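Fold and geometry: a report
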Amino acid sequence: MLLTINPNHGDPIYLQLVRQIQEAVASGRLQAGERVPSHRDLAVQLTVNSLTVKRAFDELERLGLLTTRRGLGTFVVETLPADVRQDVRAAIIDDLGQAAAAARSGGLARSEWTMLAEHAWKDKETP
Amino acid sequence: MSILSLRNISRRYRGGEALSGIDLEIDHPQVIGLVGRNGAGKSTLLRLLPPFIHASSGSVEVLGVDPWVDPIALRGRLGYVADQDAVPSGVRGRDLLALCASVYPRWDASLIQTFQRRLGIDCNRLFSALSRGQQRQLALLMAIGHRPELLLLDEPAGNLDPAVRKEVLGIIIELLNESGTTVILATHLLSDLERLAERLVILSHGRKVHDGSIEDMTRDLCRVELAPGPSDLGRLAQSPILLAQEQRGTGTVLILACAPGVAGATVAGLAGPGTVVRDAQGMTFEDAFIYRTRDLPAESAVAGRP
């Protein structure tokens, strides 16, 4: 499994690992049911604290991408979560919450806020 | 059991105070980065623990005991790598390892031999004839062969090139993998800390000025690059979200107290028309560190990667 850590990246190391593994699963580079190295082996390979890798694995388990079988190791799940939309939705709600907090503390009017959301939506419209 | 408990520690020298009112509690195994410039008090703090020096006031408890009650017994449970190796001339690597093996009843000679072979350290050579990197690696092996409960590292990888530094860090990571060793790592190399430490303690002029998780450093900070041209920050200029603003060439860079994902909307909502965000990114650990410690006395600013 090819993972890299970029110290010049704004994301914490565990999140960089989560994203890269998510991508590897989505692109099929990591196949359903495939075994992934243990978090300790990956820690040595990447020269990072194994707790950091463990945290990334825990997050990926929570997202339903990895599963740990006692005594056997960690694997990509056989059936990827069908309900991925649910995760996307949760992430959007989270982002919106942060944006709303920023807008309020920055003194943005509600009408401006709605307008901005509308703009952002149109911005990403695929022709 | 408490691993370390420092309460209101001060350490005075004739010239002044090296440590002042330090409280530090470690109650479960973890890796702690101890950061601060030369003279901030990092080495003094570490030297209280084996113990090599007395605190002028306050109380010290290491692995549940007063370190001065039985220092020799305590040292059997600690590992310590000083920032400088003090080895008499004419001593070979194997002599040093043999000495450790004779001192520590729990010495794991096969573990050390494995590391020594893998790292390619020729222990038949004089210590002084080894490269600086190999000297540091050997010093580290001498500190871990008895599988200490608490490992104190004072710039273990200082002045080493990145490849050798990675080898040294690798040893620490393997040790951590095998046992629940607590490590206090004093260093000014932030990129190493981000890989290893879970908790960060910053010292400045002998005082503790920060104690928190690594992620506290970067949480809710982002760097926003505006498109070149005149920009009118409008209401953003007065907003508490705007933390800093600097001119970079033709463009303006803003540091904002918000997640990168909402930076665009924030700027669009608050700044005047024509102010366009070209790029918004979370801050790197190193930048966030420099930013968050900017108001501290100049001495505490910490150098980035070498």
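Every value quoted in this text rests on a predicted model; they were computed, and no experiment measured them. All residue numbers here refer to positions counted from 1 along the written sequence of the relevant chain. Here every chain gets a letter starting at A, and every ligand a number starting at 1, in the order they are written. In view of the model being predicted, local features appear only for residues whose pLDDT reaches at least 70, and side-chain atom pairs are presented and counted only at 80 or more, with totals across whole chains, interfaces and linings using the full set of residues.

When its secondary structure is counted, chain B shows ten helices and 13 strands. With respect to the three principal axes, the spread of C-alpha positions in chain B is 75 × 45 × 35 Å. Pairs at least 24 apart in sequence give 72% of the contacts found in chain B among residues at least 6 apart. Comment: elements are numbered from the N terminus, with helices defined as DSSP H or I runs of at least four residues and strands as E runs of at least two. A pair of residues counts as a contact when their C-beta atoms, built from backbone coordinates, are separated by no more than 7 Å.

Counting its regular elements, chain A contains five helices and three strands. Note on method: radius of gyration uses C-alpha positions; expected globular size equals 2.2 Å times residues raised to 0.38. Relative to a compact globule of 127 residues, whose C-alpha radius of gyration would be 14 Å, chain A shows 18 Å and is clearly more extended. If you take every contact in chain A between residues at least 6 apart in sequence, the share linking residues at least 24 apart comes to 52%.

For the rest of this paragraph, the subject is the interface of chain B and chain A. Taken together, the contact pairs 33 residues of chain B with 27 residues of chain A. The leading source of residues in the side of chain B that touches chain A is helix 6 (residues 162-178) of chain B, at seven residues.

Let's shift gears to helix 1 (residues 13-26) of chain A. Residue and element names in this part refer to chain A. What a helix should span is 1.5 Å times the count of its residues minus one. In this model helix 1 runs 20 Å from its N-terminal to its C-terminal C-alpha over 14 residues, within 8% of the 20 Å that 1.5 Å per residue would give. Among the residues of helix 1, those classed as buried are Ile13, Tyr14, Gln16, Leu17, Val18, Ile21 and Val25. Positive backbone phi, at 85°, marks Gly28, one or two positions downstream of helix 1. For every residue, the other C-beta atoms within 10 Å of its own C-beta are counted; 20 or more classify it as buried, 12 or fewer as exposed, and values in between as partly exposed. C-beta atoms are placed from the backbone.

Strands belonging to one sheet form pairs held by backbone hydrogen bonds; the direction of such a pair is parallel or antiparallel. Residues and elements named next belong to chain A. Strand pairing is assigned whenever DSSP identifies at least 2 bridges connecting the two strands. The strand order 1-3-2 describes an open sheet built from three strands, whose pairing is antiparallel. Here the strands that pair on one side only, and so sit at the sheet edges, are strand 1 (35-36) and strand 2 (66-69). Direction of pairing for strand 2 relative to strand 3 (residues 73-76): antiparallel, over a ladder of four bridges. If you follow Arg69 over to strand 3, its bridge partner there is Gly73. Helix axes are fitted to C-alpha atoms over the stretch in contact, other axes to C-alpha atoms as well, and angles between N-to-C directions run from 0 to 180 degrees. Docked against the sheet, helix 3 (residues 50-62) engages strand 2 and strand 3, running at close to 105° with respect to strand 2.

Let's shift gears to the confidence of the model for chain A. Per-residue confidence from the predictor is given as pLDDT, running between 0 and 100. With 91% of its residues at a pLDDT of at least 70, chain A reaches an overall mean of 84. The lowest-confidence element of chain A is helix 4 (residues 84-105) of chain A, averaging 75 in pLDDT; the highest-confidence one is strand 1 of chain A, averaging 94.

Summarising the element assignment, Val44 of chain A is placed in helix 2 (residues 39-46). Residue classification places Val44 of chain A among the partly exposed residues on the basis of 18 C-beta atoms within 10 Å. Among residues more than four places away in sequence, those in contact with Val44 of chain A are Gly170, Ile173, Glu174 and Asn177 of chain B.

Residue and element names in this part refer to chain B. The mixed open sheet is built from six strands, whose spatial order is 5-6-7-3-8-9. Each end of this open sheet is capped by a strand with a single partner; those strands are strand 5 (78-81) and strand 9 (207-213). Across the sheet, the mean angle separating the axes of adjacent strands is 15° when strand polarity is ignored. Here strand 3 (residues 31-35) pairs with strand 7 (residues 182-186) via four bridges, running parallel. The partner of Ile32 across the bridge, within strand 7, is Ile184.

What follows is about the pairing of strand 3 of chain A. Residues and elements named next belong to chain A. The pairing of strand 1 with strand 3 spans two bridges and is antiparallel. Pairing of Val36 across the sheet is with Thr74, part of strand 3. Connecting strand 2 to the next strand, strand 3, in antiparallel fashion are three residues, including Gly71 with a positive phi near 80°.

This part is about the nonpolar core. Definition of nonpolar core: a set of buried Ala, Val, Leu, Ile, Met, Phe, Trp, Tyr and Cys residues joined via C-beta atoms within 7 Å. In this structure, Leu34, Leu152, Val183, Ile184, Leu185 and Cys222 of chain B are the most contacted members of the largest nonpolar core, which totals 109 residues. When near neighbours in sequence (up to four residues on either side) are disregarded, Ile184 of chain B contacts Ile32, Leu34, Leu46, Leu152 and Leu153 of chain B.

On to the confidence of the model for chain B, then. Mean pLDDT for chain B: 87, with 96% of residues reaching 70 or above. Below a pLDDT of 50 lies the segment residues 299-306 of chain B, which in the model reaches 28 contacts outside its immediate sequence neighbourhood of four places, other chains included.

Moving on to the pairing of strand 3 of chain B. Of all five residues making up strand 3 of chain B, five are buried, and the element is well covered by its neighbours. Neither face of strand 3 of chain B is exposed, since Val31, Gly33 and Val35 of chain B on one face and Ile32 and Leu34 of chain B on the opposite face are all buried.

Bringing the packing of helix 1 of chain A against helix 3 of chain A into the picture now. Residues and elements named next belong to chain A. Put simply, helix 1 and helix 3 touch, their axes get as near as 8 Å, and they point 45° apart. Considering the angle they form, helix 1 stands oblique to helix 3. In terms of crossing hand, the pair formed by helix 1 and helix 3 is right-handed. Here helix 1 contributes Ile13, Tyr14, Leu17, Val18 and Ile21 to the contact with helix 3, which in turn contributes Thr52, Val53, Arg55, Ala56, Glu59 and Leu60. Grouping the amino acids of the contact of helix 1 with helix 3 by side-chain chemistry returns eight nonpolar, one polar and two charged. An angle below 35 degrees is read as roughly parallel, one above 145 as roughly antiparallel, one from 65 to 115 as roughly perpendicular, and any other as oblique. With the far helix as reference, a near helix turned anticlockwise by less than a right angle produces a left-handed crossing, and one turned clockwise produces a right-handed crossing. Residues were grouped as follows: Ala, Val, Leu, Ile, Met, Phe, Trp, Tyr, Cys and Pro as nonpolar; Asp, Glu, Lys and Arg as charged; and all remaining residues, including Gly, as polar.

Time to look at the environment of Ser89 of chain B. Residues and elements named next belong to chain B. With respect to the helices and strands, Ser89 occurs in the loop between strand 5 and helix 3 (93-103). Assessed through the 7 C-beta atoms surrounding it within 10 Å, Ser89 is described here as exposed. Between the alpha carbons of Ser89 and Thr218 there is a distance of 46 Å; along the sequence they are 129 residues apart.

So, on to unusual backbone geometry. Residue and element names in this part refer to chain B. For the peptide bond that leads from Pro50 to Pro51, omega is -15°, which places it in the cis range. When you line up the elements, Pro51 lands in the loop between helix 1 (42-47) and strand 4 (57-62). Despite not being glycine, Leu63 shows a phi value in the positive range, around 50°. Topologically, Leu63 is positioned in the loop between strand 4 and helix 2 (71-75). Residue class for Leu63 comes out buried when judged on the 20 C-beta atoms lying within 10 Å of it. Even without being a glycine, Glu155 presents a positive backbone phi close to 45°. The exposure class of Glu155 is buried, given the 20 C-beta atoms found within 10 Å.

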